[in-house]
Amino acid sequence: MPFLAAANLEPGCITPSALIGLRVVDFSDSVGGQYCARLLADFGAEVALIEPETGSPIRRMPPFSVQGDEVSLFFWHLNCGKRSVSLNRESSPGQQQFEALLTAADVAVLPQGFDADKVSRINPQCIPVHVSAFGDDGPIAHWKGPEIVLQALSGMMNNNGEYGREPLYGTGERASFAAGLAAYIGVLAALRARDGTGVGQKVYVDAAETAAAMCFPYVMRHIYNGSVHTRRDQSIPASQVKCRDGWVCIWIYNHRWHAFCTALDLPGVESDPRFADPLTRRRNWDALFAIIQDRVGDSKAEDLVDLLQRAEVIAAKAYRPSELYHNAHLNSRGFWEEVDGRVVLGPPFRMSETPRKVRSGAPALGEANACLKHPSRSGGSPAQARPAMRRPLEGIRVIEIATAWAGPMAGRVLAYLGAEAIHVESPNRVNSWRLNKEKPNPINFPDGVPGERPFDRAFLFNSQNVNKLSCILNLKTEEGRQTLRKLAAVADVLICNFRPGTLAKLGLGYDELARIKPDIIVAELPAFGREGPMSRYAALGPTMEMATGMSAMIGYPKGQPENTGPSYLDPIGGFNAAAAILTALHYRQRTGQGQYIEVPQVEAAMQFIGAELLHATETGTDPVPDGNHVGTMVPHDAFPARGEDQWVVIAAQTDEQWRRLCEVMGHPELLDDVRFASLAGRRVHQDELTRIISAWTSSRDKDDTAKMLQNVGIAAAPVADSADVARSEYLAHRGFFTELEHPDAGRHHHPGLPIHLSATPGDQRSAAPCFGSHNMLILQEVLALTRHDISHLEASAAVATVPLPDS
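Here's what I pulled together on the structure shown here. (Residues numbered from 1 in each chain as written. Predicted model: local features only at pLDDT ≥ 70, side-chain atom pairs only at ≥ 80, totals over all residues. Heavy atoms only, no water.)

1. Some details on the sheet that holds strand 21 (residues 715-718)
Filter applied, for reference: At least two bridges found by DSSP between two strands is the condition for calling them paired. The secondary structure listing takes helices from DSSP runs of H or I that are at least 4 residues long and strands from runs of E that are at least 2 residues long, numbered from the N terminus. For every element, the axis is a line fit to its C-alpha atoms; helices are fit only across the contacting stretch, and the angle between N-to-C directions ranges from 0 to 180 degrees. Only heavy atoms matter for contacts: two residues are in contact if any of them lie within 4.5 Å across the pair.
One open sheet holds the three strands; their spatial order is 19-20-21, and the pairing between them is antiparallel. What marks the edges here is a single partner per strand, and that holds for strand 19 (636-640) and strand 21. Recorded for the sheet is a direction-independent mean angle of 20° between the axes of neighbouring strands. Alignment of strand 20 (residues 647-651) against strand 21, held across four bridges, turns out to be antiparallel. Residue pairing for strand 21: Ile650 is matched across the bridge by Ala716. Where helix 5 (residues 147-154) meets the sheet, it contacts strand 19, strand 20 and strand 21, and its direction lies at approximately 15° from that of strand 21.

And the structure:
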């Protein structure tokens, strides 16, 4: 019997959906929960949104449409493709209908505080999913967690903005969206495990832990050598210039210095002793960019970006949200779609066999109530438990041809869930996070010591590549390419995050690999997609953040656009790729069909500010950067605390929280002050309010202040640096850190991932691999090559155990 009798499953549609047949009950009341269910709906699941008679609280979340219907664009963005059922779960009929839906469901996305065990008792096959700010237990389970609190605790906020000024939290509800994406990954992993065990299991994701997982490299650096990254550090080779129609971020790698100077016709700058050497160039960075600003100020931003990108210098325009609907690149890719007369964003990832389908717009409240037919599961018999699996992706082999963060993060997620991940590296163009091309900087290594093999001791690489095997193959040689083909023949997934077309140029494109292994899944992560005017542009997390429209919404009043870091969108790209691969694995398990996946990282990240983009599209206006201020909460900012560059965030989410804040500060007279009596008044007089609160916080410890405020129901948090994150009681309670032994770097705690499954949990089993340390294991045991074959490979320089000079 159908889940909802009138559900539109498009039975006549020729193109299949990956998750067709899955039944989902979404009665969450959070951004993260509803985004998880939206992704399930996008890829074919039938989703019933269970709402109270007053409607989901997301329906009242700004911004609102200006098309005359006052639709919350947050609700629209999160709930397209779902059906709404309005129930009074306090009544006997409502509870019966609700339990009937649970009885038929494969997945139930829960609200805060709902007993997941109750779902399992009603339906042992169902997978309950709990997405919350801090979870239901632990030292801060009772805390209030708006976005600014989540980002403050994560270690991310500590990196954002100018040293000496209040750090910036970012924009929107990005931690909640990331948690929803992580929950989607957890659901698909639990579904795969259910195929082996016959029963469901609980999936838990905290937004706070997810936010911390997006920021772990600096935490790993602190664990390795005690150093703490601050906004004073000038470690990123990038800055911004203002063109006549917008800002451009330019990233100047040392090895692209000549190309950069040539592209902008600055020969005198290239030979200037202030800039010729990388170290002196960093010391004179502001002077360098003053010269660059004078050179490019009259240029069009897109022209400058194109000029630099053709010279292989990474650059991006800080697009304003209102510009993106008319963006030539996005439009050439058909990114923007329309459903029920309203715009929707394109898919976060594109799948060749099972593309996303938005079957309907966001539902009216209770529009599917008439469709309730007391559904039951087909077959109707209770699930029979079978022997448990240890990990959901056991038996899956992943080849990872990737560098830096996004691609390796995707492989790391899959390895965490049990896959065997083989990190294929070139002997002469080594993963940039091994830092082999740079003069060793002690800050990158355990105890500040590079050692004889610094490429095995760098915190960046070792933070990102736990649970993996290292195989060195020179893909510029036929022997190396042929060995990769043999690996593909025994693999399930191949991940590549190099520029579009790289695999095809090597004769290793999807069509070629599918001839070798028909059911292989190939995922590429081009920043701007495989096709379109910007498809060949190189990018990094900061420049992708510019291109999404996020950076233009982040900044101080009348200041330049800001990035959030470190490289916030890189791990988001990795999570999206892992989600896409799990979606494809789910489909393959039922059909035997592999497919090609494209993860355009900029388009995927745009989902996280979907409501803001839709509002800018409708109105043609953009949010004005205003520090940490938001229209719905005042105060909502970071305030100075005791110590150098120490801060505490405070957000009064309601008038009651404002009243309590006045009492805690010892300023009850503020309640009678006409300037602060209402939210609107506090918004007008924020500067005066900031001075009053800062005078109270500045002599206080940031941790003590936050705890005191949270204990009386006021949203607050210390702005954590990497040392604070490393010793977080909350993260320790969550089991976020795992102690692992690295053969060269030593024994250290390693930050983890936020996806928790109750029966088949992911884990961190081994430290990152040394360069080429698994060559023989892979060649002999995985590929069963003979000693003669291996000797031939070694003689051809197709394999190595130390980096070789670039050729």
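2. Comments concerning the sheet that holds strand 6 (residues 203-206)
The seven strands lie next to each other as 3-2-1-4-5-6-24, forming an open sheet whose pairing is mixed. If you trace the sheet from one side to the other, it starts and ends with strand 3 (83-86) and strand 24 (756-757), each paired once. The pairing of strand 1 (residues 23-26) with strand 4 (residues 107-110) spans three bridges and is parallel. Its bridge partner lying in strand 4, Asp26 is registered against Val109. Of the strands in this sheet, strand 1, strand 2 (46-51) and strand 4 touch helix 3 (residues 92-104), which is tilted by about 140° from strand 1. In the packing of helix 6 (residues 174-197) onto the sheet, contacts are made with strand 4, strand 5 (127-132), strand 6 and strand 24, and the angle to strand 6 comes to roughly 165°.

3. A short note on the packing of aromatic side chains
The condition is simple: Two aromatic rings from Phe, Tyr or Trp, using only the six-membered ring of Trp, form a pair when their centres are within 6.5 Å; if the ring planes differ by under 30 degrees the pair is stacked, by over 60 it is edge-to-face, and anything between is tilted. A simple rule labels every residue: compare its accessible area, found with a 1.4 Å probe on the protein chains alone, to the largest value its type can have, and call it buried under 20%, exposed over 50%, or partly exposed in between. Only lysine NZ and arginine CZ atoms are considered, and such an atom sits over a ring when it is within 6 Å of the ring centre and within 35 degrees of the ring normal.
Taken as a whole and assessed by the stated rule, the structure comprises 22 aromatic pairs. A centroid spacing of 6.3 Å and a plane angle of 80° characterise the contact between Tyr35 and Phe608, whose relative ring orientation is edge-to-face. Of this pair, Tyr35 sits in helix 1 (residues 31-42) while Phe608 is found in the loop between helix 23 (601-606) and helix 24 (610-619), placing the two residues 573 residues apart along the sequence. Looking at Tyr35, the relative accessible area reads 2%, which means it is buried. Between Phe736 and Phe737, the ring centres sit 5.1 Å apart and the planes meet at 85°, which makes this aromatic pair edge-to-face. For the pair formed by Phe736 and Phe737, the shared burial category is buried. Grouped by ring-pair contacts, the aromatic residues Tyr35, Phe74, Phe177 and Phe608 constitute a single cluster. Residue placement shows Arg282 over the ring face of Trp285; its charged tip is 4.2 Å from the ring centre. For the cation-ring pair, Arg434 lies above Phe461, with the distance from its terminal atom to the ring centre recorded as 3.7 Å.

4. Here we look at the packing of helix 25 (residues 655-665) against helix 27 (residues 686-697)
Rule in force here: For classification purposes, angles smaller than 35 degrees are called roughly parallel, those larger than 145 roughly antiparallel, those between 65 and 115 roughly perpendicular, and all remaining angles oblique. With the far helix as reference, a near helix turned anticlockwise by less than a right angle produces a left-handed crossing, and one turned clockwise produces a right-handed crossing. Residue classes follow a fixed rule: Ala, Val, Leu, Ile, Met, Phe, Trp, Tyr, Cys and Pro count as nonpolar, while Asp, Glu, Lys and Arg count as charged, and any other residue, Gly among them, counts as polar.
Where helix 25 contacts helix 27, the axes come no closer than 11 Å and their chain directions differ by 45°. When the axis of helix 25 is compared with that of helix 27, the two are oblique. The hand of the helix 25/helix 27 crossing is left-handed. Residues Trp658, Leu661, Val664 and Met665 of helix 25 touch helix 27, and the partners they reach there are Leu689, Ile693 and Trp696. Counted by class, the contact of helix 25 with helix 27 contains seven nonpolar, no polar and no charged residues.

5. Digging into the state of the cysteines
In plain terms, the rule: The disulfide definition used here is simple: a pair of cysteine sulfur atoms within 2.5 Å.
In total, this model carries zero disulfides according to the counting rule given. Cysteine Cys36 is unpaired, with the sulfur of Cys126 as its nearest cysteine sulfur at 12 Å. Cys36 gets classed as buried once you look at its relative accessible area, which sits at 0%. The structure places no disulfide on Cys215, whose sulfur is separated from the nearest cysteine sulfur, that of Cys249, by 18 Å. Exposure remark for Cys215: the relative accessible area of 2% places this residue in the buried category.

6. Description of unusual backbone geometry
Between Pro62 and the following residue, Pro63, the backbone shows a cis peptide bond with an omega angle of 5°. Mapped onto the elements of the fold, Pro63 is located in the loop between strand 2 and helix 2 (73-79). Despite not being glycine, Lys558 has its phi angle at roughly 65°, a positive value. Position of Lys558 among the secondary structure elements: in the loop between helix 21 (541-548) and helix 22 (569-591).

Without other data, these values stay purely geometric and don't point to any function.
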